[in-house]
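Overview (structure and organization)
This is what each chain is made of:
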Amino acid sequence: MIERFDFSDLRELLAKANEEKSGDQLAGIAARSEQERVAAKCKLADLTLDEFVRRPLIEDDVTRLILDTFDHEAFRAIAPMTVGEFREFLLDDDTADAQLQPLQRAIIPEIAAAVTKLMSNKDLVLASAKIRNVTRCRNTMGERGVLGIRVQPNHPADDIGGILLSAFEGLLYGCGDAVIGVNPATDSVETVTAILGALNRLVDAYEIPTQTCCLAHITTQLAALSRGAPVDLLFQSVAGSEAANRSFGVTLNMLREGRDQVLQHHRQRDTRWIGDHVMYFETGQGSALSAEAHHGVDQLTLEARAYGVARAFHPFLVNSVVGFIGPEYLFDERQIIRAGLEDHFMGKLLGLPMGCDVCYTNHAAADQNSADNLLLLLTAAGCNYFMGVPCSDDVMLNYQSTSYHDGLAARRLFQLRPAPEFLTWLQNMGIYQGTEPASLDPYAKKQLMQGLEQSLESVL
């Protein structure tokens, strides 16, 4: 018996073409069978790219931002392609980074989402590996052959001594080139000011060519900035709809004004900046659904739209926190791995400096082997950076991520190195010999501890 499937609009077609996700099932928009999923993929493959520009999925300020900022002129070259043809173009051996870079701002997020739905995991790795998106702040991230690591020295009581000790340990592993970034347990101006001041003392004491960040709400960071706190990167979580961003307490105007303030702040500081990328964004599939702000759009497409928001503000770092929201949205290892590869590919295709927090919550059907699998796949795909969490267990956020030694292992397996300015610093400090960590003798360890003691003086 022949089964026939009808899809009422573009939203339904995109949702039904998505790989299985518990979040889409929770929203009641997922394909009801593999046959329906395949039928949706076949129909999606035949749509022209121009249709996604002409038929917006949501009428809100995120859509207006996307349509106002994408490259209409460059889009003309690819507008007649079908989604299937675009997939073949991306995977063609003759299509390299040089051909993709000029097209990145001609691709709207919905197109990136559509072509992702037609790709296997291997396709996503292969296409992602072609693209390098380079950014600069106090150092250079994203170059080919480089794998950065964010040091994430969170503390459940925001204890400054504990934070600095954890950060120092990460530096000894060669981590911290992406950013030394702390999620505060308390989102207060006083806490954020204290954390940023302490991280800045650590960076100054060792003259480290890296960025610091305190991942509080944007309004808290800006209030700390107004009190004199040193802000290298301005952080905010963003989502793919206006309503979802509103649930985070953020608007596009707040992001614009915040970026302008930090750029002005950088011009007034006696610091060697090598670029003007000052924003740090985190995202994750399921965030709009969890805020009841998904408008019937699937979580992969909404994630792509979050990257459309991020792209408009020329960020230094962007990463998906892929398994953090929980099994209600990504149920198990298979779904988490798929989402991590999807997010990374879509972000890179749209021109973003993509990293990934390879993580899972303790009630998900995943374990550290799951994280290892995704870590290695994303390293092969050319991911810009990962998280470095002491022992991979974040004692403040209460979830599992990747550790300092996980990042080091990925670098060794794929013959990658830290960011260039940071690597030179590691070599000069005796922490690295060539591109590998050095064995430190007792005298070298004592010398290194002096900078940490200086950083701790005000809190001891």
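All figures in this text were calculated on a predicted structure; none of them were measured in a lab.

From N to C terminus, the protein includes 22 helices and 14 strands. Taking the principal axes of its C-alpha atoms as reference, the protein extends roughly 75 × 45 × 45 Å. In the form shown here, the protein has an accessible surface area of approximately 17600 Å², with 50% of it arising from carbon and sulfur atoms. Between the centroid of the 40 positive side chains of the protein and the centroid of its 61 negative side chains there is a distance of 3 Å.

What follows deals with the side chain of Thr95. Positionally, Thr95 belongs in the loop between α7 (83-91) and α8 (97-100). In contact with Thr95, not counting residues within four places along its chain, are Phe89, Leu90, Leu100 and Lys130.

A full pass over the atoms with the stated rule returns 24 salt bridges. A salt bridge links Arg76 to Glu73; the nearest nitrogen and oxygen atoms lie 3.5 Å apart. Each member of the pair, Arg76 as well as Glu73, is classed as exposed. Between Glu242 and Arg246 there is a salt bridge, with the nearest N and O atoms lying 3.5 Å from each other. In this pair, Glu242 and Arg246 are both assigned in helix α14 (residues 242-247), four residues apart and thus about one turn of the helix distant. Taking relative accessible area as the criterion, Glu242 reaches 25% and is therefore assigned partly exposed. When salt bridges with common partners are traced through the structure, they connect Glu12, Lys16, Arg32 and Glu36 into a single cluster.

Formed by 148 residues in total, the largest nonpolar core has its most connected members in Phe52, Leu255 and Tyr280. With sequence-adjacent residues up to four places away left out, Leu255 is seen in contact with Ile218, Gln236, Val238, Val250, Met279, Phe281, Val309 and Phe313.

With the rule as written, the count across this model stands at eight aromatic pairs. Arranged with centres 5.3 Å apart and planes meeting at 75°, the rings of Phe235 and Tyr280 form a pair that is edge-to-face. Of this pair, Phe235 sits in strand β6 (residues 234-237) while Tyr280 sits in strand β7 (residues 279-283); the two residues are 45 residues apart in sequence, bridging distant segments of the chain. On the basis of relative accessibility, which here comes to 5%, the residue Phe235 falls in the buried class. Tyr280 sits in the buried class, given a relative accessible area of 0%. Between the NZ or CZ atom of Arg138 and the centre of the ring of Trp273, over which it lies, the distance is 5.4 Å.

Rules used in this analysis
Residues numbered from 1 in each chain as written. Predicted model: local features only at pLDDT ≥ 70, side-chain atom pairs only at ≥ 80, totals over all residues. Heavy atoms only, no water. Helix = DSSP H or I, 4+ residues; strand = E, 2+ residues; numbered from the N terminus. Areas by Shrake-Rupley, 256 points an atom, 1.4 Å probe, with all protein chains shown as cover. Lys, Arg positive; Asp, Glu negative; His and termini not counted. Charge placed at Lys NZ, Arg CZ, Asp CG, Glu CD. Contact = heavy atoms within 4.5 Å. Salt bridge = Lys/Arg side-chain N within 4 Å of Asp/Glu carboxyl O. Buried < 20%, exposed > 50% of the residue type's maximum accessible area, 1.4 Å probe, protein only. Core = buried A, V, L, I, M, F, W, Y, C linked by side-chain atoms within 4.5 Å. Phe/Tyr/Trp six-rings, centres within 6.5 Å; stacked < 30°, edge-to-face > 60°. Lys NZ or Arg CZ within 6 Å of the ring centre and 35° of its normal.

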